[in-house]
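These are the residues of each chain, in order.
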There are 2 protein chains.
Amino acid sequence: MVPVAAKSNAKQRSGCPISISLDLFGDRWSLLIIRDLMVRGLRTFSEFQHAGEKIATNVLADRLRQLGAAGLIAAERAAEDGRRIHYRLTPKGIALAPVLLELFIWAAHHEQTGAPCAFVEQMERDREAILAETYRRWEQRDPTPLIPPFKPQTKSPAKSPKGKGKR
Amino acid sequence: MVPVAAKSNAKQRSGCPISISLDLFGDRWSLLIIRDLMVRGLRTFSEFQHAGEKIATNVLADRLRQLGAAGLIAAERAAEDGRRIHYRLTPKGIALAPVLLELFIWAAHHEQTGAPCAFVEQMERDREAILAETYRRWEQRDPTPLIPPFKPQTKSPAKSPKGKGKR
DNA sequence: TAAGTAACTTGCATATTGCAAGTAAATTGT
DNA sequence: ACAATTTACTTGCAATATGCAAGTTACTTA
């Protein structure tokens with residue numbers, strides 16, 4: 001496995017950890033890629049491309065480059081199919097798990113997300129267990145999704161009998 | 001105190017909590033504003049404008065609007081000076097504290113930040129205490145900074161006579 | 001009442017994004 | 001062996017968003 005690129009010497013706005021984090025992945029897409037790698041078992045360019053949020057291919061390529069340059073992900077050509085490149089979180093990348101977990105819990109509490117209540121409650125109760133399982137999957141390269149792809153939520157629920165309203 | 005605006009009906013890309021979070025503050029600036037409100041005691045437009053990272057005023061105005069629309073912050077005209085507007089985190093906003101804390105710890109571990117080692121270690125040891133104190137400040141409107149403004153770090157250290165080398 | 005100040009807005013040059021088409025390398029089907 | 005696919009991208013271009021400098025408006029202070 002080869003790191004995608006050496007560390008980039010891009011602009012840094014401040015020495016604050018939060019600020020530096022945002023310099024690395026403070027945009028609309030980077031964390032989604034990290035999430036997909038971490039808990040949805042996605043590995044390849046086209047999997048990212050077709051997964052849920054529909055990122056443009058040029059942006060996807062760019063983000064994969066940046067995340068690689070930041071040392072968050074690494075790329076390796078698939079053994080079984082030479083066309084495929086498998087992206088994988090580095091130790092630095094998987095270490096973002098607690099951040100993602102807290103963010104997940106926060107949003108599930110304060111926004112109308114597609115995450116089932118029971119699921120969220122379990123995450124809150126068993127933070128450590130969830131993190132341990134996440135880490136285990138990473139170590140063992142287990143691609144089984146830990147969370148499903150959530151459907152977009154309508155702002156005003158309880159409307160259609162079985163359909164999801166608009167989209 | 002009046003909410004800055006009602007909830008915006010902007011585009012939502014998916015029902016995933018992470019994705020929804022990024023729709024709200026997935027950019028280079030929003031989380032910095034939240035950080036400044038949460039742990040640096042900043043309150044007004046010009047304080048944000050002149051603090052550390054130098055955001056452009058039009059973008060700052062836009063982000064304050066967005067964060068208000070998302071229900072993360074609220075604005076109130078200062079009693080003692082009618083020109084000033086004090087921004088403040090809402091309960092939903094202050095609830096991001098665990099996310100910021102984990103992000104802070106992550107970056108301090110994996111990047112060259114300006115955060116002193118001892119400080120970070122204490123944060124890791126006493127997560128709950130830090131969060132409790134953060135929440136207390138918010139409730140009591142105590143603007144005392146919990147973290148100082150960190151200076152930008154140079155990529156190639158070992159220059160100054162008494163400097164820390166590469167941390 | 002003149003001179004700040006604070007919080008924005010406006011205009012404009014420069015990125016960054018999104019979208020639709022390509023393209024090159026590896027693989028599969030015949 | 002060779003054409004058709006598939007995969008991981010690039011490229012071109014229009015639409016947005018960002019950064020910067022210069023206003024503008026509502027209050028305050030001298």
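No experiment lies behind these values; they were computed from the predicted model shown. (Residues numbered from 1 in each chain as written. Chains lettered and ligands numbered in written order. Predicted model: local features only at pLDDT ≥ 70, side-chain atom pairs only at ≥ 80, totals over all residues.)

What should I look at first to understand the overall build of chain A in this one?
What chain A contains, in helices and strands, is eight helices and three strands. Of the regular secondary structure in chain A, the N- to C-terminal order runs β-α-α-α-α-β-β-α-α-α-α. Out of the 167 residues belonging to chain A, those deemed buried represent 37%. In chain A, the proportion of contacts linking residues at least 24 apart, taken out of those at least 6 apart, comes to 55%. (Helix = DSSP H or I, 4+ residues; strand = E, 2+ residues; numbered from the N terminus. Buried ≥ 20, exposed ≤ 12 C-beta atoms within 10 Å, placed from the backbone. Contact = placed C-beta atoms within 7 Å.)

Explain the protein's contact with DNA strand C here, please?
Within the structure, DNA strand C sits among 19 residues, and G82(A), T44(B), F45(B), S46(B) and A61(B) are positioned closest to it. Per element, the largest residue contribution to the surface near DNA strand C is four residues, and it comes from helix α4 (residues 57–69) of chain B. Looking at the surface near DNA strand C, its residues break down into six nonpolar, seven polar and six charged. (Near = placed C-beta within 6 Å. Nonpolar A, V, L, I, M, F, W, Y, C, P; charged D, E, K, R; others polar.)

What is the right way to look at the environment of R125(A) in this model?
Relative to the elements of secondary structure, R125(A) occurs in helix α7 (residues 117–125). Put simply, R125(A) and Q66(A) are 59 residues apart on the chain and 34 Å apart in space, counted from C-alpha to C-alpha.

So what exactly am I meant to see when it comes to the relation of the copies chain B and chain A here?
Mapping one chain copy onto the other needs a rotation about an axis and a shift along that axis. Expressed as a screw operation, the relation of chain B to chain A combines 0.0 Å of axial shift with a rotation of 180°, fitting to an RMSD of 0.0 Å. Interpreted geometrically, this transformation is the action of a two-fold axis. Of every C-alpha in chain B, the one belonging to D27(B) sits nearest the axis of rotation, 2.2 Å from it. Taken together, the interface assignments show that 100% of the residues at the interface of chain B recur at the interface of chain A, consistent with an identical surface on both copies. (Least-squares fit on C-alpha atoms with pLDDT ≥ 70 in both.)

Help me understand the packing of helix α6 (residues 97–110) of chain B against helix α8 (residues 127–140) of chain B, please; the structure alone is not making it clear to me.
Relative orientation and spacing of two packed helices are given, respectively, by the angle between their axes and the distance between those axes. Residue and element names in this part refer to chain B. At a closest axis distance of 10 Å, the pairing of α6 and α8 adopts a crossing angle of 130°. Here α6 lies oblique to α8, going by the angle between them. For α6 against α8, the interelement crossing comes out right-handed. Across the interface between the two elements, A97, P98 and L101 from α6 touch R127, I130, L131, T134 and Y135 from α8. The class makeup of the residues in the contact of α6 with α8 is six nonpolar, one polar and one charged. (Axes fitted to C-alpha atoms, helices over the stretch in contact; angles between N-to-C directions. Parallel < 35°, antiparallel > 145°, perpendicular 65-115°, else oblique. Left-handed = near helix turned anticlockwise from the far one by under 90°.)

Whenever I open this one, the environment of A132(B) confuses me. Can you help?
By the secondary structure assignment, A132(B) is in helix α8. Considering only alpha carbons, one finds A132(B) and A97(B), 35 residues apart in sequence, at a separation of 9.7 Å.

Whenever I open this one, the interface of chain B and chain A confuses me. Can you help?
Put simply, an interface is often sized by how much accessible area is lost when its parts join up. With 42 residues of chain B in contact, the opposing surface of chain A contributes 42 residues. Counting only elements with at least two residues in the side of chain B that touches chain A, the list comes to α1 (17–25), α2 (30–39) and α6 of chain B. Here the side of chain B that touches chain A takes ten residues from α6(B), the largest share from any one element. Here the side of chain B that touches chain A is composed, by residue class, of 20 nonpolar, twelve polar and ten charged.

What am I meant to see in the protein's contact with DNA strand D here?
In the vicinity of DNA strand D there are 19 residues, among which T44(A), F45(A), S46(A), N58(A) and G82(B) approach most closely. For the surface near DNA strand D, the secondary structure elements donating two or more residues are α3 (45–50) and α4 (57–69) of chain A together with α4 of chain B. The greatest single-element share of the surface near DNA strand D, amounting to four residues, is contributed by α4(A). Each residue belonging to the surface near DNA strand D can be placed in one class, and the counts come to six nonpolar, seven polar and six charged.

What am I meant to see in the nonpolar core here?
As a rule of thumb, nonpolar side chains are buried together in soluble globular proteins. The biggest cluster of nonpolar side chains holds 77 residues, and the ones touching the most others in it are I18(A), L100(A), F104(A), I18(B), L100(B) and F104(B). Other than its neighbours up to four places away in sequence, I18(B) contacts L31(A), L32(A), R35(A), L100(A), L103(A), F104(A) and A107(A). (Core = buried A, V, L, I, M, F, W, Y, C linked by C-beta atoms within 7 Å.)

When you look at unusual backbone geometry in this model, what are you seeing that I'm missing?
Excluding glycine, residues mostly carry a negative phi; peptide bonds, for their part, are mostly trans. Residues other than glycine seldom take positive phi values, yet K54(A) does so here, at roughly 60°. Relative to the elements of secondary structure, K54(A) occurs in the loop between α3 and α4.

I'm lost on α6(B) in this one. Help?
Residue pairs spaced three or four apart in an α-helix point in one direction, given the helix's 3.6 residues per turn. Residues and elements named next belong to chain B. Counted at 1.5 Å a residue, the expected span for α6 with its 14 residues is 20 Å, and the 20 Å between its end C-alpha atoms agrees. α6 sits mainly inside the fold: twelve of its 14 residues count as buried. Turning to α6, its buried residues are A97, P98, V99, L100, L101, E102, L103, F104, I105, A107, A108 and H110. (Expected span 1.5 Å × (residues − 1).)

These values are about where atoms sit, not about what they do.
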